[in-house]
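Residues per chain are reported as follows:
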Amino acid sequence: MSTPVDLLGSYWTLAGAADPMGEQRCLHDLRERIAIAARAGFTGMGFWHADLAEIRRTRGFAEMRRLLEDHGIRHVEVEWLLDWYCTDARRAASDATRELLLEAAEQLGAHHIKIGDLHNDCAEVPRLTEEFALLCRQAAERGTRVLFEMLPRPFSRAPSLDAVLAIVRGAGAANGGIMLDNLHLVRTGTTPEAIVRKIGRDVMLGVEINDGFLASPSRFEDSVINKRLLPGDGEFDIAAFLAAVWSTGYEGPIGVEVLNEYIRRWPLEVAAREAFAKTQRVVSAAHAAFSARRARAS
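In this report, we go over the structure that sits alongside the text.

Criteria and cut-off values
- Residues numbered from 1 in each chain as written.
- Predicted model: local features only at pLDDT ≥ 70, side-chain atom pairs only at ≥ 80, totals over all residues.
- Heavy atoms only, no water.
- Core = buried A, V, L, I, M, F, W, Y, C linked by side-chain atoms within 4.5 Å.
- Buried < 20%, exposed > 50% of the residue type's maximum accessible area, 1.4 Å probe, protein only.
- Contact = heavy atoms within 4.5 Å.
- Pairing = 2+ DSSP bridges.
- Helix = DSSP H or I, 4+ residues; strand = E, 2+ residues; numbered from the N terminus.
- Axes fitted to C-alpha atoms, helices over the stretch in contact; angles between N-to-C directions.
- 1 Å grid on protein atoms, 1.4 Å probe; cavity = no way out; pocket = protein on both sides within 12 Å on 5 of 7 lines; lining within 4 Å.
- Points joined across faces, edges and corners; volume = space filled by probe spheres on them.
- Nonpolar A, V, L, I, M, F, W, Y, C, P; charged D, E, K, R; others polar.
- Salt bridge = Lys/Arg side-chain N within 4 Å of Asp/Glu carboxyl O.
- Phe/Tyr/Trp six-rings, centres within 6.5 Å; stacked < 30°, edge-to-face > 60°.
- Right-handed = clockwise from strand over helix to strand, strands pointing away.

### A word on the nonpolar core
Counting residues in hydrophobic clusters, the biggest one holds 98 residues, and the most contacted among them are Leu52, Phe132, Leu180, Leu242 and Ile254. Setting aside chain neighbours within four positions, we find leucine 242 in contact with Val207, Ile209, Ile254, Val283 and Ala286.

Put into structure tokens, the structure is as follows:
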């Protein structure tokens, strides 16, 4: 059964042995990894800033875009921008990454740029709002969107749906929105009902899924970067999460973002095939159930 929505393989799902705490570049040939993603069934791919810098140096974004188009990859995500709200020395490095991501987004026709406030030690909601508005204006000039990824309290100073909505709505940018990752919603106690109640059609969304266990992990960061599971392999209610975001009118791609220390050891072809197959089953079943409920209610 074919999936009813497009699936996007996030960078970490399709980056082979790339390690968020080590070598962050994907060492597979670009043409090979795009072909592998397409053969598995993905119509979207994500790319990390360190990876994009290497691609720009060795292949160039024009060739990259041709490869993506030749393999039917329609949705491109570029990430991850941090420290965009800083005023100290960290801002210079962040601005260099900002320019890289803006250039990549423009040249590749990216669906969005993903950002976060990981390790934020200097900015509260008012400053985040101001800087988010600036970034959105710069992205609009390049024809792309900016999605703020909501993160839990150990990582963020905006660790709630209310806080992130205040930033996005306060910025007033039509191309600014929220990236909803079901893992982070579970860890912040954000329910599907809260998504339906608080997010309206005025808020642009991005959506990505993975699986895990409901018990709070003893090593929080390790659970995020090494222990995520493929959809269907854990205890998260992915169907309820997807039904909630679809209820807001969301019709975009569903990303699958799985950072797992064991999957990094798999051949890339196996990782791509398994990630797509399991995500497809979960998303297709959820979409069928959602469509049936809508039909009964009409």
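### Structural notes on the sheet that holds strand β8 (residues 254-256)
Here eight strands make up a closed barrel; going around it, the order is β1-β2-β3-β4-β5-β6-β7-β8 and the pairing parallel. When strand polarity is set aside, the average angle formed by the axes of neighbouring strands in this sheet is 30 degrees. Two strands pair when backbone bridges link them, and strand β5 (residues 146-149) and strand β6 (residues 176-181) are joined in this way by four bridges, in the parallel orientation. Its bridge partner being in β6, phenylalanine 148 is matched across the sheet by isoleucine 178. Strand contacts of helix α5 (residues 125-141): β3 (75-81), β4 (112-115), β5 and β6, with the helix running at about 145 degrees to β5, the strand carrying the most contacts. Contacts from helix α10 (residues 238-247) reach β6, β7 (204-209) and β8 within the one sheet, and its direction differs from that of β7 by about 165 degrees.

### Quick word on empty space enclosed by the protein
Counted by the stated rule, this structure contains two cavities of 30 Å³ or more. Lining the largest cavity, in full, are Leu8, Glu77, His111, His112, Met179, Gly206, Val207, Glu208, Tyr250, Pro253, Ile254 and Gly255. Listed by contribution, the elements that provide at least two residues to the lining of the largest cavity are β7 and β8. Sort the elements by how many residues they give to the lining of the largest cavity and β7 lands first, with three residues. Grouping the amino acids of the lining of the largest cavity by side-chain chemistry returns six nonpolar, four polar and two charged.

### Some thoughts on the pattern of salt bridges
All told, the structure shown has 30 salt bridges when counted by the stated rule. The closest approach of N and O atoms between aspartate 95 and arginine 98, which form a salt bridge, is 3.6 Å. Here aspartate 95 pairs with arginine 98, and both are found in helix α4 (residues 90-108), just three residues apart, close to one helical turn. When its relative accessible area of 33% is taken as the criterion, aspartate 95 is described as partly exposed. A residue is classified by how much of its surface remains accessible, and arginine 98, at 5% relative accessible area, is buried. Linked through salt bridges whose partners overlap, the residues forming this network are Glu79, Lys114, Glu149, Asp181, Glu208, Arg228 and Glu257.

### Structural notes on the packing of aromatic side chains
Within the structure shown, the criterion is met by eleven aromatic pairs. Note on phenylalanine 132 and phenylalanine 148: the rings are 6.3 Å apart at their centroids and 65 degrees apart in plane angle, and the pair reads as edge-to-face. Taken together, the positions of phenylalanine 132 in helix α5 and phenylalanine 148 in strand β5 put the pair 16 residues apart, joining distant regions of the chain. Under the relative-accessibility criterion, phenylalanine 148 is labelled buried at 0%.

### A look at the pairing of β5
Here β5 shows a buried face lined by Val146 and Phe148 and a second buried face lined by Leu147 and Glu149. Direction of pairing for β4 relative to β5: parallel, over a ladder of three bridges. Along β5, the bridge assignment pairs isoleucine 113 with valine 146. Each parallel crossover has a hand, and for β4 linked through α5 to β5 it is right-handed. Once you follow β5 into helix α6 (residues 161-171) and on to β6, the crossover reads as right-handed.

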